[in-house]
Amino acid sequence: MSRRGRYVLILLVGAIVLLSVLGWLVSLRTDYLWYDSVGYTSVFSTMMWTRLAMFGAFTLAMAAWCGLNLYLAYRFRPDTWPATSEQEGLERYRELISPRAGWWIGGVAIVVGVFAGMSAQSRWETWLLFREGGQFDWTDPVLGMNAGFYVFRLPFWQFLIGFGFAAIVVGLLASLSAYYLYGALRFSGQGDRMTNVARIHLSVLVALFLGLKAVAYYFDRFDFTTQENQVTDIVGGGYTEMTALMNAKNALIWVSVIAAVVILVFSWGFTRSLALPAAALGLVVVTAIAAGGIYPAVVRNFQVEPNRPQREGEYAQHTMDGTRYAYGMEELETTTYSVASQPNAETMSADQSTVPFVRLIDPFVVSDAFTQAQQPRSFYDFNEKLDIDRYTYTDENGQEVTQDFVVGLRELNPSQLTDEQQDWTVAHTVYTHGWGFVSASTTESDNGAPCFTSGVLSDDPGNCQIGNDIIDVEKPQIYYGLLNNEYAIVGVPGDETPREYDRPTDVAVVDEDSEEDPAEEIGDDRYTTYEGDGGVDIGSIGNRLLYAWEFQEPRFLLSSQINEESQLLYNRNIRERVQMVAPFLTVEADPYPAVVDGEIVWIVDGYTTTNEFPYSDRVNLADATNDTYSGQGVANQASEEVNYIRSSVKAVVNAYDGSVKLYEFDEEDPILQAWNEIYGGDLVIPKEETPESLVAHFRYPQDLFKIQRSLLQRYHVDESRTFIEGGEAWATTNDPSQAQSVTQPAYYVYATYPEQDQPYFQLTSTFTPRNRENALASLMSGYYDEDGNPRLTVYDVVGGDDQSVRQIHQIITSTSEVVTTLRDATQAGTTVEWGNLLALPVGDGILYLEPMYLRRQAGGQGEDLPRLTNVAISYGGYVGFAPTFEEAVAMVVEKYVSGAPSEAEQTEGEEGETESPSETPTTEAPTTEAPPAADPPEVEAAIDNVIAAQAAYEQAQASGTNEEEGRALDDLLAALDQLAAAREAAGQ
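Trainee: Help me out: how do you make sense of the pattern of salt bridges in this one?
Mentor: Pairs can form between side chains of opposite charge whenever their charged atoms are close. Per the counting criterion, the structure on display carries 22 salt bridges. Across the pair R855 and D368 runs a salt bridge whose closest N-O atoms are separated by 3.0 Å. Separated by 487 residues along the polypeptide, R855 in strand β32 (residues 845-856) and D368 in helix α12 (residues 367-373) bring together distant segments of the chain. The partner of E553 in a salt bridge is R555, with the nearest N and O atoms 2.8 Å apart. A residue is classified by how much of its surface remains accessible, and E553, at 11% relative accessible area, is buried. Salt bridges linked by common partners bring K385, D387, D590 and R699 together as one network.

What follows is the structure, given as structure tokens:
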């Protein structure tokens, strides 16, 4: 390459490096400005300075170590080298390096050190937790170490050991290369293959490697408490690990030390033969294979597997106890809920603790109804899944009433802006925010539509019994939420006209705007100016230049819309916002809005997690939290393995100014305490300083509940033998309203469960026995008591003959009233959507409730609002299906009083026919009762036809066209008519 070409290449490389460094510095500065705007510069500075310190320390350590080994190899190089073809080939390299050996040694050392430092700086969190971590109220029952050692200290010790191995390997490679280059080590020719100095140097490095290996074997023993037990398929060392493998590790420690001593003795020239050090290394390898592999396998296969409950019982109990502690279930309450075989349906009419609050409105189904009924402009939108929260208000009788509501925010959705509105200036300076907190009753509807109670933009007041505007909002503008993460440029001088579009003025407004708002009405629209301080000041030319570079947008410099009062709002997604100010938290997938003291805020549960807790089973966050809502209005959690989780923080993000406050919730969580100390001791607001008005809106966290639900499928038992055998294992129910197989969500309800003295806002779910999907095993409830403490209860359902929600859905959809409605809906070209199927304990039975929505399909014109047209309930086997909940209850009561056979009894034969012969047989003792009399052949044939028709109809619902679904429904109706005729002819 010519001299000019070299100069051009150097110039290009220099420009690329300069631009990269400059871009990194710009990003660093803009990040600081953002953290300064939210008041969390300590988070940014702690992270950056710690990473820089670790980079510098480990870069220096590795560079010094590498340079020392290269220097020793160069310093004690032979004065001459054999005249062999091998050495002659290396001559030109020696001539290149020797005149500038110091520069070469320094350069190589620095490059190696930089790579080591870059790797080490990524472990900044490990170091900080090592430095500040404390103790847990849990001690490893086998090795006697506090859980804080495993969570806070062991990871950093293992990192240092790994770094030590890397350093020794680097030293070996560097020394071998230098010795080979200068002839101190050769592979051909006559005489010794290695000089004495090279032998001593390399032998010391190998001995160091073996000595460090002995240290690694010592720490490896603690890994048994966090590794998976192959026999029981749970985390925590079992009999094999704690006997055979533990002895193997202890033996390997001594063997490694002996081998290191032998090699050191060899290095000082007592013998020139490599046989002795080779034998020492071989001893380590053979011991590792025999003691660490063969012996444990023999113990596992011949001692443990044939006697699993006896050998593994003690260790399984450790994992059972550790898992309950690690997932906040150490105070799990288990109680029995006795269900009558024929519960008194009349108790539903008299019940005042649960029935009056039964939730009819499904927040997942009615999102479209919110959007279409409360969308005066097309760019307003609601999240795909709305939320449930409770509020206390004064009714028309002057009494305070607490009720849960479906709530959502009317956010601005940038994807719905027209082409003209997506112009850069318009999109980023005019359409900057949404407007309004909207709520609707969960217990009543307005002719099938949501019964709106607050935040209504409508000329039609509706026919709701609950009054409008019961939730007072002072600033309804929504700048921070879930749908809009585009940056916005806000702020104008006081004498200029507001330019931010607020809302239309040509519709009635239930929540009036504050008179102090800087707003102006222009034509049919209202414009306002942001008055918060949650943005970054871009009034100066310097900051405008920074963000022009950061966002690659020159209009930050050219636009006349930016002035001395301008602020830049970005990172507006509230989950990302919380994650940035508290990077150690795992953020709840489904934040929810609330009105607290007149302000709209988002409440986000923040979890502290680790995967290093001893004797605690692991879960995958993505798998454990996946249900119908995941990816449809609810974020998907990362596919991350954890074996400890605590709901330690309640993060609150103001929807107007974006301010983030972290309120301590779990005062005893050592991980949160450590991070709080790391960031200066005032990162989180103490629990006792949490406003009562905010506490009133806290709810049991969903992701934690789902994870606990996933674990309790196995961990609800108390005896290790029962746990290992798995005979009492449970399963979570699939959502019966969905065609695909997906876990049913947990539901928030305002209800009174057994042994509760008042209604609580609680999260609920159900379990079925594993391999018996048609039966109900238990109910699960999580809530905060009157003192704000979390309570988790499992109700074992005994007695009676209660079916699972899946079976109840099948019974409901098989009744003649429902089948007729489905047929009429199909013929009318409407789509049926089933809402939340709730299972609520009422009296001495379980009330199942499932609302039916109809959505008319208008070809090419989109879809009309989903309308709540009917409510289906089941109690004691009786099914009620009517336009209102009260009418459905009346139907059930009437059937019960008249002594009519229940729908569950009528379908018993059908259920028996549909039971899969491949199901695992139960271990229950055989009954001594006489088997029921067989149905006549004509009735059995008719039942078979109904079963086949029902299966065909469900398949058509899942994947067929409307025509196929209609034909399948007609076939099902005909089969039901034939069954009724056959039973009538048989006198049944």
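Trainee: Even after reading the chapter, I still don't get the pairing of strand β27 (residues 760-769), so can you show me in this structure?
Mentor: Successive side chains on a regular strand alternate, one facing one side of the sheet and the next facing the other. Summarising burial for β27: 10 of the 10 residues are buried, a large majority. Covered by surrounding structure in β27 are Y760, Q762, T764, T766 and T768 together with F761, L763, S765, F767 and P769, the residues of both alternating faces. The pairing of strand β26 (residues 747-751) with β27 spans 5 bridges and is antiparallel. Bridge pairing in β27 places V749 opposite Q762. In this structure, β27 lies alongside strand β28 (residues 778-784), joined through 5 bridges in antiparallel fashion. Each bridged residue has a counterpart across the sheet, and for F767 the counterpart in β28 is S778.

Trainee: I would appreciate a short explanation of the sheet that holds strand β6 (residues 400-409) in the present structure.
Mentor: Where strands meet in a sheet, backbone hydrogen bonds hold them as pairs that are either parallel or antiparallel. A sheet is described by the order of its strands in space; here 4 strands give the open sequence β5-β6-β9-β10, paired in antiparallel fashion. This sheet does not close on itself; its edge strands, each paired only once, are β5 (387-394) and β10 (449-454). Averaged over all adjacent pairs, the angle separating strand axes in this sheet is 50 degrees, with direction ignored. Bridging between strand β9 (residues 437-446) and β10 involves 4 bridges; their strand directions are antiparallel. Each bridged residue has a counterpart across the sheet, and for A440 the counterpart in β10 is F452.

Trainee: Is there a simple way to think about a nonpolar patch on the surface in this case?
Mentor: A cluster of nonpolar side chains, contributed by L9, V13, V17, V21, W24 and L25, occupies part of the molecular surface with about 530 Å² of accessible area. Structurally, V13 can be placed in helix α1 (residues 3-38).

Trainee: What exactly am I supposed to notice about the nonpolar core here?
Mentor: The tendency in soluble globular proteins is for nonpolar side chains to be buried as a group. With 214 residues, the main nonpolar core has F556, I873 and F885 as its most contacted residues. In terms of residues, this core owes the most to one element, helix α28 (residues 962-985), which gives 8 residues. When sequence neighbours within four positions are dropped, the list of residues in contact with I873 reads M348, L847, Y848, L849, Y878, V879, G880, F885, A888, V889 and V892. Residues A101, Y150, I168 and L181 belong to the second largest nonpolar core, which totals 29 residues.

Trainee: Would you mind going over the pairing of strand β24 (residues 660-664) with me for this structure?
Mentor: Counted residue by residue, β24 has 4 buried out of 5 residues, so it is predominantly covered. Relative to β24, strand β23 (residues 644-654) runs antiparallel, the two sharing 5 bridges. Bridge pairing in β24 places K650 opposite Y663. Remark: 5 residues form the turn of the hairpin made by β23 and β24, two consecutive strands paired antiparallel; G658 in that turn has positive phi of roughly 75 degrees.

Trainee: When you look at the sheet that holds strand β16 (residues 536-537) in this model, what are you seeing that I'm missing?
Mentor: Overall, antiparallel pairing links the 3 strands, which are arranged β12-β17-β16 in an open sheet. Each edge of the sheet is formed by a strand with only one pairing partner; in this case those strands are β12 (488-490) and β16. Across 2 bridges, β16 lies against strand β17 (residues 567-569) in antiparallel orientation. Pairing of V536 across the sheet is with L568, part of β17.

Trainee: Can you walk me through the side chain of K650 in this structure?
Mentor: Relative to the elements of secondary structure, K650 occurs in strand β23. By relative accessible area, which is 0% here, K650 ends up buried. Only 2.4 Å separates the side chain of K650 from the side chain of D605, close enough to count as a polar contact. At 2.9 Å, the side chain of K650 forms a polar contact with the side chain of Y784. Sequence-distant contacts of K650, defined by excluding residues within four places in its chain, comprise V604, D605, K661, L662, Y663, F665, F698, R699, P701 and Y784.

The rules behind each value
- Residues numbered from 1 in each chain as written.
- Predicted model: local features only at pLDDT ≥ 70, side-chain atom pairs only at ≥ 80, totals over all residues.
- Heavy atoms only, no water.
- Salt bridge = Lys/Arg side-chain N within 4 Å of Asp/Glu carboxyl O.
- Helix = DSSP H or I, 4+ residues; strand = E, 2+ residues; numbered from the N terminus.
- Buried < 20%, exposed > 50% of the residue type's maximum accessible area, 1.4 Å probe, protein only.
- Pairing = 2+ DSSP bridges.
- Axes fitted to C-alpha atoms, helices over the stretch in contact; angles between N-to-C directions.
- Patch = residues over 30% accessible without salt bridge, like charges linked within 9 Å, V, L, I, M, F, W, Y side chains within 5 Å.
- Areas by Shrake-Rupley, 256 points an atom, 1.4 Å probe, with all protein chains shown as cover.
- Core = buried A, V, L, I, M, F, W, Y, C linked by side-chain atoms within 4.5 Å.
- Contact = heavy atoms within 4.5 Å.
- Polar contact = N/O pair within 3.5 Å; in protein donor to acceptor, adjacent residues only side chain to side chain.

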